[in-house]
Amino acid sequence: MKEIIGDIDIIDNAQENCDVVNITKEEQNIGQKKLYIESYGCQMNFSDSEIVSSILKKEGYTTTSSIEEADVTFLNTCSIREKAETTVRNRLSEINQYKKKNPELVIGVLGCMAERLKSKLLEEEKIVDLVVGPDAYRELPNMLDEVSTGQKAVNTFLSREETYDDITPVRLNSNGVTAFISIMRGCDNMCSFCVVPFTRGRERSRDPFSVVKEAQDLFDKGYREVTLLGQNVDSYKWSPEQNNKARLEKTDASEIVNFANLLEMVAEVSPLLRVRFATSHPKDITDDVLYTMKKYDNLCKYIHFPAQSGNSRILERMNRTYDRDWYISKIDRIREILGNECGISSDMISGFCGETEEEHKDTLSLMEYVRYDYSYMFFYSERPGTLAEKKYEDDIPMDIKKRRLTEVINLQRELSIERNQMTIGKTYKVLVEGFSKRSKSQLQGRTTCNRVAVFDAGNYKKGDYVNVLVNEVTTGTLLASAVDN
């Protein structure tokens, strides 16, 4: 399995993916102040780091990939699981050596961990100079000025309107082909295991015309794929009068743009611009979205569709607001409208509060019914302040959690290889994203269904669309050869 993971970026994730770190790129601007950012967790955090870099670029900062050269070091953090916060605290201990060498180095904690712990972080982590929540990044220049006077700075105010829609992100570690576009912020769902509503606030949707403008600008610069990001993209809802979903639903708006409308608007930027999105909530996805995906070839036929559990009682405890049958009915609609090859992935939590052995088996049987292409799989990690922490006992022993998780992982590996075997002997169009991680003589790209294909480079280059014939497969990769376009 490690060999497969070493070859591609997307595979079933049995670990807590807070260990995935995105670091700022190196810009050769001599004499300017240097900004270094490490981003942990989800793609929303990586996208936010691009916004932060853009804000500080206007203040004369250039990014660096070397913490030794930095004037300002930020850790953009995740709180989704305990290990995520532990990883950041361990990293702060390591960074202390740089602070000792350079007492003028400014160290800040951004994002969800900052929002959850607020000023407590300054007390617990003495080397931290500023703490900034995800809705306060516009205040970073003022806060850095405050820190320069010897003060500590904290701003964890959660906004009901902020979407940063007027800020053009600085693309960090970009391959020049694919990019993320944030279309909304926050979450209203209040799943009992999740801290996101407390760390990112209420749902707000970005002006759709600014989204289209950003997509057009990326296409004009040579990008050929964008991923629309949000905690729950299917609940995207915007009007000229209001971008806050909860408030919008209580008003008579003159015009409402929903997610299906936005998908169509971005798809029409160019047929050569592929469009993906993440993440969908089963309760909110509509047939309109599925039919829009079917209408446009450049809307990729892949949906990340987190189930979390296959048992209705556990889903109710999780406050997912759907049951097993509802989820299956949505899967059936996806297959009916978009076909069996449409890629579907999931999130699964093993060992949630009170889960019985039979309820765990319901998760396995749901996986067998859906036949996911891949999944992000975890054992339950209780988070402070959540409904589950307040209401339920985390009563499943760790050895049982890990055993159940292993069973989920093993089944997903079987399903992943089975789904990939469907592609043998078929031809697919892939967008070349760069070299294979194993060899500079091979390229890798993804099909519309989000399967990664590796093939000999030939005369093709990054950003090309190439038709490939699948010859063999592994759990996570299609081994292919280029054919005439």
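Look a little higher up for the structure.
Let me begin by describing the structure that accompanies this report. (Residues numbered from 1 in each chain as written. Predicted model: local features only at pLDDT ≥ 70, side-chain atom pairs only at ≥ 80, totals over all residues. Heavy atoms only, no water.)

**Overview of the pairing of strand 22 (residues 477-483)**
Looking at chain direction, strand 20 (residues 452-456) and strand 22 are connected through three bridges and run parallel. Across the sheet, Ala453 pairs through a bridge with Leu478, a residue of strand 22. Where strand 21 (residues 465-473) meets strand 22, six bridges bridge the pair, whose relative direction is antiparallel. Looking across to strand 22, one finds that Asn467 is bridged to Val483. (Pairing = 2+ DSSP bridges. Helix = DSSP H or I, 4+ residues; strand = E, 2+ residues; numbered from the N terminus.)

**Some thoughts on the packing of aromatic side chains**
The relative placement of two aromatic rings is captured by the distance of their centres and the angle of their planes. Counted by the stated rule, this structure contains nine aromatic pairs. Pairing Tyr374 with Tyr376 gives two aromatic rings, centres 5.8 Å apart and planes at 85°, and the pair type is edge-to-face. Residue classification places Tyr374 among the buried residues on the basis of a relative accessible area of 7%. Take Tyr376: its relative accessible area is 21%, and that puts it in the partly exposed class. Site record: aromatic cluster; members linked through ring pairs are Tyr302, Tyr374 and Tyr376. One Lys or Arg, Arg81, reaches over the ring of Phe378 and ends 3.5 Å from the middle of that ring. The positively charged end of Lys429 is found above the aromatic ring belonging to Tyr465, 5.7 Å away from the centroid. (Phe/Tyr/Trp six-rings, centres within 6.5 Å; stacked < 30°, edge-to-face > 60°. Buried < 20%, exposed > 50% of the residue type's maximum accessible area, 1.4 Å probe, protein only. Lys NZ or Arg CZ within 6 Å of the ring centre and 35° of its normal.)

**Some thoughts on the layout of surface pockets**
Think of a ball as big as a water molecule: rolled over the atoms, this probe shows where empty space is left. One number sums up the size of the second largest pocket: a volume of about 450 Å³. Taken together, 15 residues line the second largest pocket, and the ones lying closest to its centre are Arg274, Asp297, Asn298, Lys429 and Thr448. Residues that form the lining of the second largest pocket fall into these classes: eight nonpolar, two polar and five charged. (1 Å grid on protein atoms, 1.4 Å probe; cavity = no way out; pocket = protein on both sides within 12 Å on 5 of 7 lines; lining within 4 Å. Points joined across faces, edges and corners; volume = space filled by probe spheres on them. Nonpolar A, V, L, I, M, F, W, Y, C, P; charged D, E, K, R; others polar.)

**A few points about the sheet that holds strand 8 (residues 178-182)**
As a general point, the strands of a sheet are linked pairwise by backbone hydrogen bonds and lie either parallel or antiparallel. If you trace the three strands from one edge of the open sheet to the other, you get 8-11-14, paired in parallel fashion. With one partner strand each, in any of the chains shown, strand 8 and strand 14 (274-278) form the two edges of the open sheet. Put simply, the sheet's adjacent strands are angled 25° from each other on average, direction ignored. As paired strands, strand 8 and strand 11 (residues 225-229) are joined by five bridges and run parallel to one another. (Axes fitted to C-alpha atoms, helices over the stretch in contact; angles between N-to-C directions.)

**Notes on the nonpolar core**
Of all hydrophobic cores here, the largest spans 57 residues; its most connected members are Ile183, Leu228 and Phe259. Apart from the residues lying within four places of it in its own chain, the contact partners of Leu228 are Ile181, Ile183, Val211, Val233, Phe259, Leu263, Val266, Val275, Arg276, Phe277 and Ala278. Formed by 22 residues, the second largest nonpolar core is a distinct cluster that contains Ile37, Ile55, Ala136 and Val147. (Core = buried A, V, L, I, M, F, W, Y, C linked by side-chain atoms within 4.5 Å. Contact = heavy atoms within 4.5 Å.)

**Describing the packing of helix 11 (residues 287-295) against helix 13 (residues 324-338)**
Look at helix 11 against helix 13: their axes get within 10 Å of each other, and the N-to-C directions meet at 25°. Our classification of the angle between helix 11 and helix 13 gives roughly parallel. Crossing of helix 11 against helix 13: the hand is right-handed. Here helix 11 contributes Asp287, Leu290, Tyr291, Met293 and Lys294 to the contact with helix 13, which in turn contributes Arg333, Ile334, Ile337 and Leu338. Tallied by class, the residues present in the contact of helix 11 with helix 13 amount to six nonpolar, no polar and three charged. (Parallel < 35°, antiparallel > 145°, perpendicular 65-115°, else oblique. Left-handed = near helix turned anticlockwise from the far one by under 90°.)

**A few points about helix 16 (residues 398-421)**
Taking 1.5 Å of rise per residue, the 24 residues of helix 16 would be expected to cover 34 Å, and the 35 Å separating its terminal C-alpha atoms lies within 8% of that figure. Residues Lys401, Arg404, Leu405, Val408, Ile409, Leu411, Gln412, Leu415, Ser416, Arg419 and Asn420 constitute the buried set of helix 16. Taken together, the buried residues of helix 16 touch helix 13, strand 16 (343-350), helix 14 (357-370), strand 17 (374-379), strand 21 and strand 22. (Expected span 1.5 Å × (residues − 1).)

**Digging into helix 8 (residues 208-220)**
With 13 residues, helix 8 should reach 18 Å at 1.5 Å per residue; the first-to-last C-alpha distance of 18 Å fits that figure. Considered for burial, the residues of helix 8 that qualify are Pro208, Ser210, Val211, Val212, Glu214, Ala215, Leu218 and Phe219. Turning to helix 8, the residues buried within the fold contact strand 8, strand 11, strand 12 (237-238), strand 13 (257-258) and helix 10 (259-267). By the N-cap criterion, in which a side-chain oxygen at the helix start approaches the backbone nitrogen of a residue two or three places on, helix 8 is capped by Asp207, the distance to Phe209 being 2.8 Å. Following helix 8 by one or two positions, Gly222 adopts a phi angle in the positive range, close to 105°. (Polar contact = N/O pair within 3.5 Å; in protein donor to acceptor, adjacent residues only side chain to side chain.)

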